[in-house]
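Spelled out, the chains give:
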Amino acid sequence: MSTPKSKIKQTVEQMLGPYLDDNGFELVDVEYVKEGSNWFLRIFVDKDGGIDIDDCGSISEYFSQKLDENDPIPEAYFLEVSSPGAERPLKKAADVAKAVGKDVYVTVYEPIQGLKEFEGRLLSFENEELLISAGKKEHVVPYAKVASARLAIIF
């Protein structure tokens, strides 16, 4: 019987949190997904200045030992630790606040002024609203309507 994905994510956050905090890392996201016949536990971490392969290796080594001790996941799976990449997801309000001044891509649950996606510079995040500049237009997007958000690379 498999463990619910939300429980696995919560367990991973609890097991890794103190180690990441103590070492200056930030847990960006946890995914537990099945691809083909294989399960993958993906942990996305970051730190000021970015992470490198040695950081990923040390986190993976620490976490593998913790997983062996506690064994919270009954299925066989592959563990992957990596950077969230240049287009990192903005999962929490704090992530959005840190992205002010950067380019973002945001989708919403229901259209705002006829649009369901916004790509441009995040000018501000105040009073639970994102102000996004796209070309010559500015859009106000209520945070409560955001379905997904990530940093964007705009050419």
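Quick note: structure is the one above.
The structure presented is a predicted model; accordingly, all values stated were derived computationally and were not measured.

About the thresholds
- Residues numbered from 1 in each chain as written.
- Predicted model: local features only at pLDDT ≥ 70, side-chain atom pairs only at ≥ 80, totals over all residues.
- Heavy atoms only, no water.
- Helix = DSSP H or I, 4+ residues; strand = E, 2+ residues; numbered from the N terminus.
- Buried < 20%, exposed > 50% of the residue type's maximum accessible area, 1.4 Å probe, protein only.
- Areas by Shrake-Rupley, 256 points an atom, 1.4 Å probe, with all protein chains shown as cover.
- Lys, Arg positive; Asp, Glu negative; His and termini not counted.
- Charge placed at Lys NZ, Arg CZ, Asp CG, Glu CD.
- 1 Å grid on protein atoms, 1.4 Å probe; cavity = no way out; pocket = protein on both sides within 12 Å on 5 of 7 lines; lining within 4 Å.
- Points joined across faces, edges and corners; volume = space filled by probe spheres on them.
- Nonpolar A, V, L, I, M, F, W, Y, C, P; charged D, E, K, R; others polar.
- Pairing = 2+ DSSP bridges.
- Axes fitted to C-alpha atoms, helices over the stretch in contact; angles between N-to-C directions.
- Contact = heavy atoms within 4.5 Å.
- Phe/Tyr/Trp six-rings, centres within 6.5 Å; stacked < 30°, edge-to-face > 60°.
- Lys NZ or Arg CZ within 6 Å of the ring centre and 35° of its normal.
- Salt bridge = Lys/Arg side-chain N within 4 Å of Asp/Glu carboxyl O.

A. Broad picture of the overall build of the chain. Each helix and strand counted, the chain has 3 helices and 8 strands in total. Traced from its N-terminal end to its C-terminal end, the chain shows the element sequence α-β-β-α-β-α-β-β-β-β-β. Along the longest, intermediate and shortest principal axes, the C-alpha atoms of the chain span 55 × 35 × 30 Å. Classification of the 155 residues of the chain by burial places 37% in the buried group. Surface accessibility of the chain: about 9300 Å² in total, with carbon and sulfur atoms responsible for 49%. Side chains of the chain give 18 positive and 28 negative charges; the mean places of these two sets differ by 6 Å.

B. Geometry of the environment of Glu69. Structurally, the position occupied by Glu69 is in helix 2 (residues 53-70). Residue Glu69 is classed as exposed on the basis of its relative accessible area, which comes to 52%. Remark: the alpha-carbon pair of Glu69 and Ala99, spanning 30 residues in sequence, is separated by 37 Å.

C. Quick look at the layout of surface pockets. Counted as a void, the largest pocket has a volume near 230 Å³. The wall of the largest pocket is formed by Gly24, Glu26, Asp46, Lys47, Asp48, Arg88, Leu90, Asp95, Lys98, Ala99, Lys102 and Leu151. Among the residues making up the lining of the largest pocket, the classes are represented as 3 nonpolar, 1 polar and 8 charged.

D. Up close: the sheet that holds strand 3 (residues 77-82). Strand order in the open sheet formed by 3 strands is 1-2-3, and the pairing between neighbours is mixed. Only two strands of the sheet have a single neighbouring strand rather than two, namely strand 1 (26-35) and strand 3. With direction set aside, neighbouring strand axes in the sheet form an average angle of 15°. One ladder, built from 9 bridges, connects strand 1 with strand 2 (residues 38-46); its direction is antiparallel. Looking across to strand 2, one finds that Glu26 is bridged to Asp46. Strands strand 1 and strand 2 of the sheet are contacted by helix 1 (residues 5-22), whose axis makes an angle of about 145° with strand 1. Lying over the sheet, helix 2 contacts strand 2 and strand 3, oriented at roughly 145° with respect to strand 3.

E. Seen up close, the packing of aromatic side chains. By the definition in use, this model includes 5 aromatic pairs. Seen in terms of ring centroids, Tyr19 and Tyr62 are 3.9 Å apart; in terms of plane orientation they differ by 10°. Their pairing is stacked. Of this pair, Tyr19 sits in helix 1 while Tyr62 sits in helix 2, and the two are 43 residues apart along the sequence. Judged by relative accessible area, which is 24%, Tyr62 ranks as partly exposed. Through a chain of ring-to-ring contacts, three or more aromatic side chains come together here, namely Tyr32, Trp39 and Tyr77. Here the guanidinium or amino end of Arg42 rests over the ring plane of Phe40, the centre of that ring lying 4.7 Å away.

F. Local environment of the environment of Lys7. Residue position: Lys7 is located in helix 1. Each C-alpha atom of the pair Lys7 and Pro111 lies 32 Å from the other, and the pair is 104 residues apart in sequence.

G. How the structure looks around the pattern of salt bridges. Considering all chains together, one arrives at 12 salt bridges under this definition. Between Glu26 and Arg88 there is a salt bridge, and its shortest N-O distance comes to 3.1 Å. With Glu26 in strand 1 and Arg88 in the loop between strand 3 and helix 3 (93-98), the pair connects residues that are 62 residues apart, well separated along the chain. When the shortest N-O distance is used, the salt bridge between Glu87 and Arg150 registers 3.3 Å. Residue Glu87 is located in the loop between strand 3 and helix 3, and its partner Arg150 is located in strand 8 (residues 146-151); the two are separated by 63 residues in the primary sequence. A residue is classified by how much of its surface remains accessible, and Glu87, at 35% relative accessible area, is partly exposed. What emerges from the salt-bridge pattern is a single network uniting Glu26, Asp46, Arg88 and Lys98.

Purely geometric numbers; function is a separate question.
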